[in-house]
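Here are the chains, one letter per residue:
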Amino acid sequence: MRRQWMAAVAVTVAGLLALTACGDGGGDGATQSPQADAKKKVEVFSWWTGPGEADGLKAMKEIFEKQNAGLEFFDAAVAGGSGDKARALLTTKLQAQTPPDTFQGHAGAELQGYIKAGQLEPLNFLYDELKLKDVFPQQLIDQISVEGQVYSVPVNIHRSNVMWFNPAVLKEAGVTEVPKTIPDFVAALEKVKQKGKIPLSIGSEWTMVHLLESVLLGSLGTDAYNQLWTAGSDWSGPAMTKALDDFKTILSYAGDPADDWQPAAKQVADGEAAFNIMGDWAYGYFHNPPDGGLGKTSKTDFDWAPSPGTGGTFMWLSDSFTLPKGAPNRDGAVAWLKVAASKEGQDAFNPKKGSIPARKDADTALYTDYLADALKDWGGNKLAGSIQHGVVVNDAWRVAINEAVGLFHGDKDVAALQKALAEAAKNSGQ
């Protein structure tokens with residue numbers, strides 16, 4: 001199905017390109033050329049279309065247009081959680097040599113494919129001009145650099161390993177303490193099941209991989225999890241088998257998959273489900289007013305804790321923006337990158353998005369409630385990188401993991417899943 005969908009996207013894009021090439025602009029010699037239009041518009045390609053994330057993007061857009069009166073922000077966002085659909089379309093655009101002016105990418109291994117293909121310009125000139133190496137954490141700069149060249153501008157830090165829960169549903173089920181370990185979590189899931197509520201809400205395939213990374217971290221421990229992304233990693237041993245058995249047990253308590261992460265998270269906020277494992281972008285969705293979120297009250301309608309077994313570790317990811325080679329409006333793209341890198345831009349974006357700033361000098365007074373916890377933990381916890389969100393695996397490896405988990409959701413065969421994950425690691429080329 002993935003290949004069929006990719007083919008359909010390629011045909012659609014090819015058709016759009018053909019229509020554009022055939023258009024004559026009405027035959028009027030005074031009509032402005034498409035090239036002139038392109039110089040005014042700045043195409044910003046992302047997957048931020050849902051509540052919270054779209055509001056954050058809009059806040060940065062307003063700053064961009066205020067600072068750049070001669071430029072028009074063109075929102076090329078593609079719907080679909082975690083960016084799977086957006087990245088598929090982006091691949092088609094890059095292969096057709098019709099890149100957007102700038103595109104969103106997760107900091108880390110996800111960018112390696114674009115870098116190796118020679119599709120990105122290094123941004124050292126911008127880092128030097130804006131003195132960004134003084135305001136971004138060193139470990140973040142390391143993740144977006146290859147051989148001393150920096151290839152993206154991070155706009156935020158997200159936490160992946162967050163367990164969201166409904167306090168009233170837990171109380172009704174007799175769960176008196178928030179589960180801190182995987183065995184405690186399974187026991188709580190069973191109690192909720194006995195009360196007839198959904199123990200664990202889940203979304204589409206990528207949300208299951210998101211759940212898997214938290215279970216691996218909680219079952220293996222931080223050091224062993226981080227070892228998975230190094231040479232000689234052991235995906236075939238008994239510790240991994242146990243972790244995947246834990247994943248199977250937890251997944252057995254999941255309700256019917258929702259279309260994406262938002263409707264799955266909403267089941268928790270509405271009291272239909274007890275738990276949801278999702279990144280902290282869910283906070284913006286829960287907390288923001290009804291015109292951009294659910295308008296729920298924290299600690300009453302929803303609450304949070306590290307996913308079971310992962311207390312003391314911050315599983316992180318970072319959204320960033322790039323400068324593609326051949327960008328139609330390169331100067332406009334650089335102007336956008338400056339806003340994304342700025343203190344003003346990050347402080348406008350992140351409170352709405354449900355993330356914390358990548359910059360170390362942001363206004364901490366803006367980050368309250370859950371976001372205050374995230375700021376504190378980012379500075380004091382051990383770190384582990386996300387699988388689904390591009391920190392520790394390149395795109396080909398992530399796709400292989402997604403496919404393996406998709407098959408597992410149907411057959412529940414732990415041995416087959418473990419074999420597929422070991423094979424994916426072997427073939428990663430990373």
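The preceding data block contains the structure.
Not measured: the values here are computed from a predicted model.

1. Points about the pattern of salt bridges
- For the structure shown, the criterion picks out 17 salt bridges.
- Between K266 and D270 there is a salt bridge, and its shortest N-O distance comes to 2.5 Å.
- In this structure, the salt-bridge partner of D361 is R359, at a minimum N-O distance of 2.8 Å.
- By relative accessible area, which is 34% here, D361 ends up partly exposed.

2. Things to note about the packing of aromatic side chains
- The final tally for this structure, using the stated rule, is 29 aromatic pairs.
- Measuring from centroid to centroid gives 5.6 Å for F321 and W336, while their planes differ by 90 degrees, and the two rings are edge-to-face. Of the two residues, F321 is situated in strand β13 (residues 319–321) and W336 in helix α15 (residues 330–341); the sequence distance between them amounts to 15 residues.
- A residue is classified by how much of its surface remains accessible, and W336, at 0% relative accessible area, is buried.
- Each member of the aromatic cluster is reached from another via a ring pair, and the members are W164, W261, Y283, Y285, F286, F302, W304 and Y370.
- The ring of W47 is capped by R87, whose NZ or CZ atom sits 5.2 Å from the centre of that ring.
- Sitting over the ring of W304, K299 keeps its end group 4.2 Å from the ring centre.

3. With respect to the sheet that holds β13
- Here we have five strands laid out as an open sheet, ordered β2-β1-β3-β13-β6, and mixed in their pairing. Looking along the sheet, the strands with just one partner apiece sit at the ends: β2 (72–75) and β6 (153–154).
- The pairing of strand β1 (residues 41–45) with β2 spans four bridges and is classified as parallel. Across the sheet, the residue bridging to V42 is F73, located in β2.
- Strands β1 and β2 of the sheet are contacted by helix α3 (residues 53–67), whose axis makes an angle of about 160 degrees with β2.
- Contacting β1 and β3 (102–106), helix α4 (residues 84–95) crosses the sheet at an angle of about 130 degrees to β1.

What counts, and at which threshold
- Residues numbered from 1 in each chain as written.
- Predicted model: local features only at pLDDT ≥ 70, side-chain atom pairs only at ≥ 80, totals over all residues.
- Heavy atoms only, no water.
- Salt bridge = Lys/Arg side-chain N within 4 Å of Asp/Glu carboxyl O.
- Buried < 20%, exposed > 50% of the residue type's maximum accessible area, 1.4 Å probe, protein only.
- Phe/Tyr/Trp six-rings, centres within 6.5 Å; stacked < 30°, edge-to-face > 60°.
- Helix = DSSP H or I, 4+ residues; strand = E, 2+ residues; numbered from the N terminus.
- Lys NZ or Arg CZ within 6 Å of the ring centre and 35° of its normal.
- Pairing = 2+ DSSP bridges.
- Contact = heavy atoms within 4.5 Å.
- Axes fitted to C-alpha atoms, helices over the stretch in contact; angles between N-to-C directions.

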